[in-house]
Amino acid sequence: PPSNFGHFYIHIHIHIHIRTCRRGGDANHALAAFAASVSYLWRWMWRKKWKDAMTDEQATPVVLLAGFLGAGKTTTLRHWIQNQRGLKLGCVVNDVASINIDAKLIRRTHDATTSTLDLADTVELDNGCACCSITDELYDAIENLCYLADKRKQKFDCIVIEASGVAEPQNVRDLFQTAQEDKLPVAKMAYLDRIVTVVDASAFGEHYASKQMLVEKPELGEGGGRRPVVDLLIEQVECADYVVMNKADLVKERKVERLHEIIANLNPLCTVQSARFGSVTLDNVLNSPSILPKLDLEGQHRGAIAAAKAKQNDERNSHQNHHHQHDHDHAHFSTEEQDCCKVSHQQDRQTTTAAVKFGITSFIYTRRRPFHTKRLRALVLEWSPVAGIEQNHGSPLQAVLRSKGFVWLSGSHTNAHYWSHAGQHLEIKDVGNWWDAVARSDWPAEPLARKAILTDFSTDEMVGDRRQELVFIGVGMNQAAIESGLDQALLSDEEVDEYARHWSC
């Protein structure tokens, strides 16, 4: 225990309480307050001793349950609580009442000899959104659950965090990664093991095609701000290790099959399961592949590129033996990214027949010269609806379900930008420096990670890892038209020379 801090804490309180008594204050009240302070300090010291004694091996896996309000997250969580099958479950939720974990539920689902310890211990977030309060309230909630389990000598098999309808799973994932990198105390207690997203199969198409912002759709969750509905929907799917297509009974079988294939193409690394009333067993979820919580945006991008290459190989060589080509695509990836590629290859081979059935294909656009910023902006305005401008019906993006990846703009030699398009939404945003603009001393120390970075480098020293690398996924896409339009937005040879002279100064 931190004796110096403890002595200081007790000294301050003794000083305060003595002064209170001397001034004619209520001595009994002062002594009671002092006793409460000592009790609090004693509990604090023992909890700190418990935290310091914990090791990474004792950390509890966390399952993040994401999805819009109304998709069926709470129904899915209630199903897990009522069907734990011997698993010890802890929960962090936004609204305890909505899950209905009360005495009536206990009596309905457990016999008289069963202790309430066999139900999920639950902590409610007062501030609602997990991704906003993770550094404060959520960390405290996880610590309280782990401390409770340790006192009972009954470690949780997992802790489920039910996110709010508009929570951003990527933010939660990134902050868990930060906790591990910075060796925060919570990282020794729990780690993000997998992300499960529940989507409403009957409303997926409507949400995908929506032009509305989250603030205009409060029925999907409060506090969504100006972010487009489709943008968050795609993030929920692409960050997930397991996607539950809930309310599948409300959709025709062929539409369910088509949605399954769309989700599998948007995220080749996830397991997709159709369900009604959130009826998905927790065992199946916990035993499914899980790689995405270990990846960042760049890792996800490499996984998408590897999956697209594998898919192209499968389509090109569907009647030939082509397994030797797969190994080449990820020979220099880090451990997590190698696992990522293996999963994508396995799932891609399983869904190739369905992709042919529904006509979903993909291709990668790669170039090693920058886009002219103004010409690219004009192309985006022509191809997609921006600020109320109606979409050109001849736009090749109409056949594109999803496009994403890194772009190199002539206006910045150091900053990488990320192209993200789905439905009626397209944005290009700054995502930090190219690795070539980062001092080698600040690169990851892991050799495999450094090798993965270097695979993106050109032999041209000025180019480094700067590139255009976009994945396009769609049905009946006009690849030639898309590539031709993008090529026209690239710098000409003369402009490239001028660019090099400008940035070499």
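First, a word on what this report is: a plain description of the structure on this page. This is a predicted model, so every value here is computed, not measured.

1. Description of empty space enclosed by the protein
Taken as a whole and assessed by the stated rule, the structure comprises two cavities of 30 Å³ or more. Size it by volume and the largest cavity reaches roughly 80 Å³. Every residue along the wall of the largest cavity is listed here: Glu 238, Leu 266, Asn 267, Pro 268, Leu 269, Leu 292, Gln 300, Gly 303, Ala 304 and Lys 404. Considering each element in turn, the lining of the largest cavity owes the most residues, three residues, to helix α13 (residues 297-316). When its residues are assigned to classes, the lining of the largest cavity shows five nonpolar, three polar and two charged.

2. Overview of the layout of surface pockets
Each pocket or cavity is described by its volume, and for the second largest pocket that value is around 520 Å³. Around the second largest pocket, the lining comprises 26 residues; the ones closest to its centre are Gly 205, Tyr 208, Arg 258, Ile 262 and Leu 401. Every element with two or more residues in the lining of the second largest pocket is listed here: α9 (204-209), α11 (253-266) and β9 (400-407). At five residues, α11 tops the list of elements feeding residues into the lining of the second largest pocket. Tallied by class, the residues present in the lining of the second largest pocket amount to 16 nonpolar, eight polar and two charged.

3. Considering the packing of helix α16 (residues 373-383) against helix α18 (residues 479-488)
With their axes 9 Å apart at the nearest point, α16 and α18 run at an angle of 145° to one another. Contact residues: Arg 375, Leu 376, Leu 379 and Trp 383 in α16; Ala 481, Ile 482, Gly 485, Leu 486 and Gln 488 in α18.

4. Observations concerning the environment of Asp 436
You can see Asp 436 is positioned in the loop between β11 (425-433) and α17 (447-454). Along the chain, Asp 436 and Ile 453 lie 17 residues apart, while their C-alpha atoms are 9.4 Å from each other. Those residues within four positions of Asp 436 in sequence are excluded, and the remaining contacts are Phe 457, Glu 461, Met 462, Gly 464, Asp 465 and Arg 466. Polar side-chain contacts of Asp 436 include one of 2.8 Å to the side chain of Arg 466.

Cut-offs and rules
Residues numbered from 1 in each chain as written. Predicted model: local features only at pLDDT ≥ 70, side-chain atom pairs only at ≥ 80, totals over all residues. Heavy atoms only, no water. 1 Å grid on protein atoms, 1.4 Å probe; cavity = no way out; pocket = protein on both sides within 12 Å on 5 of 7 lines; lining within 4 Å. Points joined across faces, edges and corners; volume = space filled by probe spheres on them. Helix = DSSP H or I, 4+ residues; strand = E, 2+ residues; numbered from the N terminus. Nonpolar A, V, L, I, M, F, W, Y, C, P; charged D, E, K, R; others polar. Axes fitted to C-alpha atoms, helices over the stretch in contact; angles between N-to-C directions. Contact = heavy atoms within 4.5 Å. Polar contact = N/O pair within 3.5 Å; in protein donor to acceptor, adjacent residues only side chain to side chain.

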